[in-house]
Amino acid sequence: MRSRVEEIALAGRPLRYPPTEKVDVVIVDSFPALGTLAALRFIEWVQANPEGVISLPTGKTPEFFIKEVTRLIAGWKRKPIQSELAAGGIDPAVPCSLRGLRFVQIDEFYPIDPQQHNSFYHYVSRYYLEGFKLDPRRAMLIDATRMLPPGKTLADVWPEDEVDLSLRYRMAASKQEQLQRDVIQHVDEWCTEYEERIRAMGGIGFFLGGIGPDGHIGFNVRGSDPFSTTRLTEVNYETQAAAATELGGIEVARRRLVITIGLSTITYQRDCTAIVIAAGEAKANIVRDAIQNERHVRYPATALHELANARFYLTQGAAKKLDARRIAAVATSDTVTAANVEQAVIELSVMLRKPIDALTKSDFRKNPMTSALLDKGIGDVSQVCARISASLRDKIVAGTTLIHDATFLHTEPHHDDLMLGCLPFIVRHIRDHSTQHTFATLTSGFTAVTNHFMLEQCDKLLAFMDTPLFATLYAAGTFDPNHASLRNGDVWHYLDGVAAARRTMQDEGESRRLYRNIVELFGDSGKDDVADHVEELVDYFESAYPGKKDAEHIQRLKGMCREWEAECLWGYFGWKGESVRHLRLGFYTGDIFPDEPTRDRDIPPITNLLREVKPTVVTLALDPEASGPDTHYKVLQALTESLKLYEQETAAQIAILGYRNVWYRFEPSDADLFVPISLNMLSLQHSAFMNAFASQREASFPSPEHDGPFSELAQKIQVEQYQTIKTCLGREFFDDHPSALIRATRGFAFLKRMNLEELYRHSRQLKRSTEQA
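Conventions used here
Residues numbered from 1 in each chain as written. Predicted model: local features only at pLDDT ≥ 70, side-chain atom pairs only at ≥ 80, totals over all residues. Heavy atoms only, no water. Helix = DSSP H or I, 4+ residues; strand = E, 2+ residues; numbered from the N terminus. Rg over C-alpha atoms; globule rule 2.2 N^0.38 Å. Buried < 20%, exposed > 50% of the residue type's maximum accessible area, 1.4 Å probe, protein only. Contact = heavy atoms within 4.5 Å. Core = buried A, V, L, I, M, F, W, Y, C linked by side-chain atoms within 4.5 Å. Patch = residues over 30% accessible without salt bridge, like charges linked within 9 Å, V, L, I, M, F, W, Y side chains within 5 Å. Areas by Shrake-Rupley, 256 points an atom, 1.4 Å probe, with all protein chains shown as cover. Salt bridge = Lys/Arg side-chain N within 4 Å of Asp/Glu carboxyl O. Lys, Arg positive; Asp, Glu negative; His and termini not counted. Charge placed at Lys NZ, Arg CZ, Asp CG, Glu CD. Phe/Tyr/Trp six-rings, centres within 6.5 Å; stacked < 30°, edge-to-face > 60°. Lys NZ or Arg CZ within 6 Å of the ring centre and 35° of its normal. Polar contact = N/O pair within 3.5 Å; in protein donor to acceptor, adjacent residues only side chain to side chain.

Things to note about the overall build of the protein
And then number 1: Helix and strand content of the protein: 30 helices and 17 strands.
And then number 2: Radius of gyration (C-alpha) of the protein: 28 Å, near the 28 Å computed for a compact globule of 773 residues.
And then number 3: The dimensions of the protein, computed from C-alpha atoms along their principal axes, are 75 × 75 × 60 Å.
And then number 4: Here the protein, with 773 residues, has 58% of them falling under the buried criterion.
And then number 5: Partitioning the contacts of the protein with sequence separation of at least 6, the portion at a separation of at least 24 is 78%.

What follows is the structure in structure tokens.
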């Protein structure tokens, strides 16, 4: 199908680079532009198919698609919108009504009440049926309550929310299992009928979906049969981890099954316009595998290759690992950057497991990328290799060099980002008494705290309040809200308990701080009033379904628990709470599509802190847009805008050090400092994380990359980075180095050094339309 929208977006660039690429690709510059392109293509398709069958995605990925479709349809008759439509390839004279479309829900968790705000049923009802004003009578939705025997609820059938699919094949051992077996069979029959209804309509005409951490489309996870149909099925760990935030923790996600349309459901209509959208560099490997591999169950999205109208719409970051495009970019560019050469040579060294200094021209010619670089005239291979080897050694030297007489402002989006990204760098500078340090967390981080954890904390507090020790402390005025200095004592007591390996001392420190937090939250300092509030909290945490959006006071309390953890971490190194700041920026709300930071609300707290601290060095999380939690990029936006204002006021010269952690990592060529990490530091990093971040010990919201706490994943990444540099420089560089620091190195933290102008180029400016929010 010819698409004018795609022709304009391509601007003369190829749609596909055969034979490497097996499916067509359109690339845009940013995450918002990705949403605009998908919206325009959807509108174009609807104009040609006003009663067609559509299937649209859930989650965070379609945020800008939803916003753009809503904006363009609502403003259709306005001249500025008509001009925008025409420029994007849409004829505004052709009506575009969504009311005649037939909607097919892609997938859903099971079991889940459709009325829960974290169900996909609720999502599609809110954003598509209501938001797009689709006709509900023409929508096929997945409602688990309609798959039950009369008079039964999901809780009656699945009291533990756990489904045993072995009941499909084995004998039931109890009346409850008989009921569950009957319901499973009923769900299976419902899925068959759902599939039949889709095919009876001719199949799906327009499919838009994201791609999961294992490459899944819908919930067709790695290993799914390309001929699969709608079914109730299990999912893998990566998919569970990705769903943990929506479901209220990995503990919940592990128990959930899913109902999903199959891969052959999507491909049944041979002229289906099937579009996969992916944003951010973190998706680059998954995208490459889906586009460049032949059809294989290991890569579910390859099932779409057989569709002539299948497309991948990607941001530049998501497309950065597509081999043919990388080589074409080198071949057609006027100049080649030193960073591009360095990265290509590093990749060649790792691929051949050969030190850079030992690489030959023959090695370069065996690899398409380095061969293309030779054709661009990068110079003599031995000289190129010597230059890159020297560059890597210089980065190690930079990572070991202290910045003296500096005032550091260490910033982080969430309370554990600094320690997971650059703790070794910070610890080394803390030991230099010519430096000053302030630590600032910019959001309250409440979404990382489960109801189960809060329930445990409340139970411990109630038990503590019944002890003679509490009565003594209370009588002595320990919990007087006017004595804020006593808050540091909570931290010191907790850390004494860590040192003594006494759980009771740790519990006391936690309970003392929780008591203070409740006093601050509710304004009642009397122990009877506090006890009443704790009982109310217990009732809430016991009854609220996991993943429910909390009321504001619950969000604040959860955030206070995270703030306590950050104070415990920096207390490890002797820093008082006064040096640990909690900014609680207002854009962080827990909504699936949070606001952009705004000048009026989010910039002043940061700017005021800059004025107070007067930093000469600012550390910050430097994740690309749409790579990792979107909070990271929004915090980067807010920091960038605040630094601009501060620079205008003071003409300050501030050095920026960017770090990344478990969500995305620097390529060696992108980083400027390689900070050495010894086994001792790796041990400290893990133990400090496990002791300070009590709410994160169980890894309730883990990375799809690792089933365990973030400190373990951080170590894995840092060790892998060391292995890369060791391959490039040769083991002898480390084994025979004159410095014990380098000989002891077993990991590296990569940092990027920038000035303010370089930072400004990394962050998209805040939209003026949000400045008045």
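Points about the nonpolar core
In globular proteins that are soluble, nonpolar side chains generally tend to be buried together.
And then number 1: Residues Ile356, Phe364, Ile396, Leu643, Ile656 and Ile725 are the most contacted members of the largest nonpolar core, which totals 62 residues.
And then number 2: If one sorts the elements of this core by residue count, helix 25 (residues 630-650) sits on top with seven residues.
And then number 3: Membership of the second largest hydrophobic core comes to 54 residues, among which are Ile142, Leu148, Leu167 and Val183.

As for a negative patch on the surface
And then number 1: A cluster of acidic residues, Glu251, Glu456, Asp459, Asp528, Asp529, Asp532, Glu535, Glu536, Asp539, Glu542 and Glu698, forms a negative patch at the surface.
And then number 2: If you tally residues by element for the negative patch, the top one is helix 22 (residues 527-543), at seven residues.
And then number 3: Within the fold, Asp528 resides in helix 22.

Comments concerning the packing of aromatic side chains
The geometry of an aromatic ring pair comes down to the distance between the two centres and the angle between the two planes.
And then number 1: Here the structure, examined in full by the defined rule, presents 38 aromatic pairs.
And then number 2: Pairing Phe689 with Phe693 gives two aromatic rings, centres 5.4 Å apart and planes at 40°, and the pair type is tilted.
And then number 3: Since its relative accessible area comes to 0%, Phe689 is described here as buried.
And then number 4: Among the aromatic residues, ring-to-ring pairing joins Phe42, Trp45, Phe65, Phe103, Tyr123, Tyr127, Tyr128, Phe132, Phe206 and Phe593 into one connected group.
And then number 5: Residue placement shows Lys67 over the ring face of Phe64; its charged tip is 5.5 Å from the ring centre.

Re unusual backbone geometry
And then number 1: Going from Pro18 to Pro19, the amide bond is cis rather than trans, its omega being 0°.
And then number 2: As for its placement among the helices and strands, Pro19 is situated in the loop between helix 1 (4-10) and strand 1 (24-28).
And then number 3: Of note, the bond from Tyr110 into Pro111 is cis; its omega dihedral lies within 30 degrees of zero at -5°.
And then number 4: Among the structural elements, Pro111 can be located in the loop between strand 4 (107-110) and helix 5 (120-130).
And then number 5: Although it is not a glycine, Ala11 sits at a positive phi angle of roughly 50°.
And then number 6: Among the residues examined, Ala11 registers a relative accessible area of 57% and is labelled exposed.

Things to note about the environment of Glu536
And then number 1: Within the fold, Glu536 resides in helix 22.
And then number 2: Since its relative accessible area comes to 47%, Glu536 is described here as partly exposed.
And then number 3: For the pair Glu536 and Leu165, spaced 371 residues apart in the sequence, the C-alpha separation amounts to 38 Å.

Things to note about the environment of Glu712
And then number 1: You can see Glu712 is positioned in helix 27 (residues 710-729).
And then number 2: In this structure, the C-alpha to C-alpha distance between Glu712 and Arg197, residues 515 residues apart in sequence, is 47 Å.
And then number 3: Excluding its chain neighbours within four sequence positions, the residues that come into contact with Glu712 are His686 and His706.

Description of the side chain of Asp602
And then number 1: Among the structural elements, Asp602 can be located in the loop between strand 13 (580-582) and helix 24 (603-613).
And then number 2: Judged by its relative accessible area of 0%, Asp602 falls in the buried class.
And then number 3: Engagement of the side chain of Asp602 in a polar contact is seen with the backbone nitrogen of Phe587, the distance being 3.2 Å.
And then number 4: At 2.9 Å, the side chain of Asp602 and the backbone nitrogen of Thr598 are in polar contact.

Thoughts on the pattern of salt bridges
And then number 1: On inspection of all chains with the given rule, the structure shows 54 salt bridges.
And then number 2: The partner of Arg168 in a salt bridge is Asp188, and the shortest N-O contact between them spans 2.7 Å. One end of the pair, Arg168, is in the loop between helix 6 (154-157) and helix 7 (175-200); the other, Asp188, is in helix 7, and 20 residues separate them in sequence.
And then number 3: The exposure class assigned to Arg168 is partly exposed, which follows from its relative accessible area of 27%.
And then number 4: The salt bridge partner of Asp507 is Arg503, with a shortest N-O separation of 2.9 Å. With Asp507 and Arg503 both in helix 21 (residues 503-522) and four residues apart, the pair spans about one turn of that helix.
And then number 5: With a relative accessible area of 35%, Arg503 lands in the partly exposed category.
And then number 6: Through salt bridges with shared partners, one network takes in Glu6, Arg16, Asp24, Arg41, Glu44 and Arg311.

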